[in-house]
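Observations on chain architecture
So the chains spell out like this:
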Amino acid sequence: MVNQEKVDIGFTHEDFAALLDQYDYHFSPGDIVAGTVFSLEPRGALIDIGAKTAAYIPIQEMSINRIDTPDEVLQSNETREFYILTDENEEGQLTLSIRRIEYMRAWERVRQLQAEDATVRSAVFATNRGGALVRIEGLRGFIPGSHISTRKPKEDLVGEELPLKFLEVDEERNRLVLSHRRALVERKMNRLEVGEVVVGTVRGLKPYGAFIDIGGVSGLLHISEISHDHIDTPHSVFNQNDEVKVMIIDLDAERGRISLSTKQLEPEPGDMVKNPDVVYEKAEEMAARWREQKLQPAQSADAGLSQTADYEVEEVLLAAE
């Protein structure tokens, strides 16, 4: 009979459990992990991320956009990144999100587009009293009514795609504000020049000036640029829908502003008040004079620099003799 002695292997069940714990993954909210879809459910999905219990992703966390069924986003056995949204519940199950990853990357992309001063295009999906709503990279953006350049009623813009520039990108406050007007002004500005005479229509009269529509964008004819004579109010010179000739005196693409003048087109001071027809008749001639006057100081400065340089060269040559 063989004598079987009890062998001490020096490794208990407790040691084995401790070893498993040592290699167990520890997951925390905010981590981004790889996971594999192994079960699609009507309102969510179970995901294997290597934890003791399968993690769960509810349908509302599957996309930054609205979806109706999980299979619009996930497929069985698909492996992809997931964001850990919450700690384990009482059953040891973690809650995951894809929407949060898309949300973070969308803000990163939008900040990049703003830094590049890019023009983006998006369709209006809703309007309210304050303006219109669009989606940029899946994020909800707002166009204030003052930055919508169209004669259409706001309600008729739903479904229409608009070119847009960024006004405010603030992830912390969840504010994404855009301008249709600035995008149109910039596009128009690329075809305009300071000193150019353009024909426009008076679209608005304010105490401080007149807003002139020039080819779909609005420029401001400030009250101080209407005439050399003193003017109490723009209403004394213009009426709504008047057709006028104006000269562009400044283009500010960054702020989306076009500054206009009729004062600089007056053959004689006060003509815009006394005889606007003569101002319009001689507009191109007066604009040419204005451009020449603007060029002279620059040419004089260049000539002065050239003379100074010649003088310095002459001094060097004399010193070398």
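Reading the values: the criteria
The residue numbering used here restarts from 1 in each chain and proceeds along that chain's sequence as written. Per-residue local features are limited, in this predicted model, to residues with pLDDT of at least 70; the limit for side-chain atom pairs, both in listing and counting, is 80 or more; totals at the level of whole chains, interfaces and linings are taken over all residues. Only hydrogens and water are set aside; all other atoms, that is, all heavy atoms of the structure, feed into the side-chain values. UniProt positions are given in the numbering used here, feature names are shortened, and annotations may be inferred rather than shown by experiment. Secondary structure follows DSSP: runs of H or I at least 4 residues long count as helices, runs of E at least 2 residues long count as strands, and numbering of each begins at the N terminus. Relative accessibility decides the category of a residue: with a 1.4 Å probe and only protein chains considered, values under 20% of the type maximum give buried, values over 50% give exposed, and everything between is partly exposed. Should any heavy atoms of two residues lie within 4.5 Å, those residues are considered in contact. Reported accessibility uses the Shrake-Rupley method at a 1.4 Å probe radius. Residues are deemed covered only where the shown protein chains occlude them. In this analysis, the expected span of each helix is defined as 1.5 Å times one less than the number of residues it contains. Here a strand pair is declared whenever DSSP counts at least two bridges between the two strands. The convention used is that axes are lines fitted to C-alpha atoms, helices contributing only their stretch in contact, and that angles between N-to-C directions extend from 0 to 180 degrees. Salt bridge, as applied in this entry: a Lys or Arg side-chain nitrogen positioned within 4 Å of an Asp or Glu carboxyl oxygen. Centres within 6.5 Å are what make two rings of Phe, Tyr or Trp a pair, Trp counting through its six-membered ring; a difference in plane orientation under 30 degrees is then read as stacked, over 60 as edge-to-face, and the rest as tilted. Consider the ring centre and the ring normal. A charge sits over the ring if Lys NZ or Arg CZ is within 6 Å of that centre and within 35 degrees of that normal. Joining through side-chain atoms within 4.5 Å is the link that ties buried Ala, Val, Leu, Ile, Met, Phe, Trp, Tyr and Cys residues into a set, and such a set is a nonpolar core.

An unreviewed UniProt entry annotates the protein chain as 30S ribosomal protein S1 of Thermoleptolyngbya sichuanensis A183. For the protein chain, the Function (unreviewed entry) comment in UniProt is given as "Binds mRNA."

**Re the overall build of the protein chain**
When helices and strands are tallied, the protein chain shows 6 helices and 16 strands. Within the protein chain, buried positions represent 37% of all 321 residues. Partitioning the contacts of the protein chain with sequence separation of at least 6, the portion at a separation of at least 24 is 57%. As displayed, the protein chain has an accessible area near 19700 Å², and 47% of this comes from carbon and sulfur atoms.

**Describing the side chain of H180**
Here H180 lies in helix α3 (residues 180-189). H180 sits in the buried class, given a relative accessible area of 5%. In this structure H180 touches I143, H147, I148, S149, L162, P163 and L164, once residues within four positions along its chain are discounted.

**Thoughts on helix α2 (residues 99-115)**
For α2, which comprises 17 residues, the first-to-last C-alpha distance of 24 Å matches the rise-based estimate of 24 Å (1.5 Å per residue) to within 8%. Residues of α2 that are buried include every one of I101, A106, W107, V110 and L113, and no others. After α2 finishes, the residue D117 shows a positive phi value of roughly 55 degrees.

**Let's talk about the sheet that holds strand β13 (residues 209-214)**
Pairing within the closed barrel is mixed, and its 5 strands lie in the order β12-β13-β14-β16-β15. When strand polarity is set aside, the average angle formed by the axes of neighbouring strands in this sheet is 50 degrees. Of the strand pairs in this sheet, strand β14 (residues 217-222) and strand β16 (residues 257-261) are connected by 2 bridges, and their pairing is parallel. Across the sheet, the residue bridging to L221 is L260, located in β16.

**A few points about the pairing of strand β12 (residues 197-206)**
Burial within β12 is extensive, with 7 of its 10 residues counted as buried. The sheet contact formed by β12 and β13 spans 5 bridges and is antiparallel. What sits directly across from L205, in β13, is A210. Where β12 hands over to β13, the hairpin turn is made up of 2 residues, counted between the paired strands.

**Let's talk about the pattern of salt bridges**
The final tally for this structure, using the stated rule, is 16 salt bridges. We note a salt bridge from E168 to R173, for which the minimum N-O separation is 3.5 Å. For R173, a relative accessible area of 55% corresponds to the exposed category. Overlapping salt bridges, with partners in common, bring together D117, K165, R182 and E186 in one network.

**So, unusual backbone geometry**
For N77, which is not glycine, the phi dihedral falls at a positive 70 degrees. Position of N77 among the secondary structure elements: in the loop between β3 (55-58) and β4 (79-86). If you check the backbone angles, D117 has positive phi at about 55 degrees while not being a glycine. Counting through the fold element by element, D117 comes out in the loop between α2 and β6 (120-123). According to the relative accessible area criterion, D117 is partly exposed, its value standing at 36%.

**Thoughts on the packing of aromatic side chains**
Taken as a whole and judged by the stated rule, the model has 2 aromatic pairs. When the centroid spacing of 6.3 Å and the interplanar angle of 80 degrees are considered together, the rings of Y103 and W107 count as edge-to-face. One end of the pair, Y103, and the other, W107, are both in helix α2, 4 residues apart, so they sit about a helical turn from each other. Overall, the relative accessible area of 1% leaves W107 in the buried class. Here Y208 and F211 contribute two aromatic rings whose centre-to-centre distance is 6.1 Å and whose plane-to-plane angle is 90 degrees, an arrangement assigned as edge-to-face. Against the face of F125 rests R135, its NZ or CZ located 4.7 Å from the ring centre.

**A short note on the nonpolar core**
By size, the foremost hydrophobic cluster in this structure holds 32 residues, and its most contacted members are I212, I214, L221, F238, I258, L260 and L265. Counting only elements with at least two residues in this core, the list comes to α3, β12, β13, β14, β15 (243-252), β16, α5 (276-281) and α6 (283-320). Not counting the four nearest positions on each side in its chain, I258 is found in contact with V185, M189, L192, I214, V217, S218, G219, L220, I248, D250 and L251. By size, the runner-up hydrophobic cluster in this structure holds 21 residues, among which are I64, A132, I148 and F166.

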